[in-house]
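# Observations on chain architecture
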Amino acid sequence: ITLNVGSARGSRWTQGQAMVFDDTHVHDARHTGDTGDRYILHVMFCHPCEQRQLYPHLSAGDCEFDNPIREEVSRALRGEMDAREAQARSAKRMVIPRTSERRGSR
């Protein structure tokens, strides 16, 4: 499998090894083999600048992006994460009755 991420072209995956990359960059993966499976574990890592309250030592300059497109992508991702967190916090929670409560309802 060959992976292109941003300006990094031709990174090769080695069987038995993990590969991690920032998928906010334009990227593509190519599998030129005839057989084999490709499994993807998608994990979101927050950049320290996206959670400034957890990293108070960062200055405003540390979190400025030189590329306006990266800045907009970062802002959009933060908005999406905030919306998902708010939705999760307001979601109805499932309550599982204790064994003694279930017996008393018979």
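Conventions used here
Residues numbered from 1 in each chain as written. Predicted model: local features only at pLDDT ≥ 70, side-chain atom pairs only at ≥ 80, totals over all residues. Heavy atoms only, no water. Helix = DSSP H or I, 4+ residues; strand = E, 2+ residues; numbered from the N terminus. Rg over C-alpha atoms; globule rule 2.2 N^0.38 Å. Buried < 20%, exposed > 50% of the residue type's maximum accessible area, 1.4 Å probe, protein only. Contact = heavy atoms within 4.5 Å. Areas by Shrake-Rupley, 256 points an atom, 1.4 Å probe, with all protein chains shown as cover. Lys, Arg positive; Asp, Glu negative; His and termini not counted. Charge placed at Lys NZ, Arg CZ, Asp CG, Glu CD. Pairing = 2+ DSSP bridges. Axes fitted to C-alpha atoms, helices over the stretch in contact; angles between N-to-C directions. pLDDT = per-residue confidence, 0-100. Patch = residues over 30% accessible without salt bridge, like charges linked within 9 Å, V, L, I, M, F, W, Y side chains within 5 Å. Salt bridge = Lys/Arg side-chain N within 4 Å of Asp/Glu carboxyl O.

## Topic: the overall build of the protein
Counting its regular elements, the protein contains two helices and three strands. The N-to-C order of helical and strand elements in the protein reads β-β-β-α-α. For the protein, whose C-alpha radius of gyration is 22 Å, the value lies well above the compact-globule estimate of 13 Å for 106 residues. Each of the three principal axes of the protein carries a C-alpha extent, and together these read 65 × 50 × 20 Å. Put simply, the protein has 106 residues, and 9% of those count as buried. Sequence-distant contacts in the protein: of pairs separated by 6 or more residues, those separated by 24 or more amount to 35%. As presented, the protein carries roughly 9,600 Å² of accessible surface, and 52% of it is formed by carbon and sulfur atoms. Charged side chains in the protein number 16 positive and 15 negative. The centres of these two groups are separated by 13 Å.

## Focus: the sheet that holds strand E3 (residues 27–30)
Spatially, E2-E1-E3 is the arrangement adopted by the three strands of the open sheet, whose pairing is antiparallel. Each edge of the open sheet carries a strand with a single partner, namely strand E2 (8–12) and E3. In this sheet, adjacent strand axes meet at a mean angle of 15° when their direction is disregarded. With three bridges connecting them, strand E1 (residues 2–5) and E2 associate as antiparallel partners. Bridge pairing links Thr2 to Arg12 in E2.

## A look at the confidence of the model for the protein
Residues of the protein with pLDDT of at least 70 account for 91%, and the chain-wide mean is 77. Within the protein, helix H2 (residues 99–104) has the poorest average pLDDT of any element, 58, and E2 the best, 89.

## Remarks on a nonpolar patch on the surface
On the surface, Val20, Leu41, Val43 and Phe45 cluster together into a nonpolar patch covering about 510 Å² of accessible area. When you line up the elements, Val20 lands in the loop between E2 and E3.

## Digging into the environment of Ala91
Relative to the assigned elements, Ala91 resides in the loop between helix H1 (68–90) and H2. On the accessibility criterion, Ala91 (34% relative accessible area) is partly exposed.

## Structural notes on the side chain of Asn4
You can see Asn4 is positioned in strand E1. Judged by its relative accessible area of 10%, Asn4 falls in the buried class.

## Topic: the pattern of salt bridges
Tallied over the entire structure, the rule returns four salt bridges. Notably, a salt bridge pairs Asp28 with Arg9, separated by 3.9 Å at the nearest N-O pair. Residue Asp28 is found in strand E3, and its partner Arg9 is found in strand E2; the two are separated by 19 residues along the sequence. On the basis of relative accessibility, which here comes to 22%, the residue Asp28 falls in the partly exposed class. Residues participating in the shared-partner salt-bridge network are Arg9, Asp28 and Arg30.

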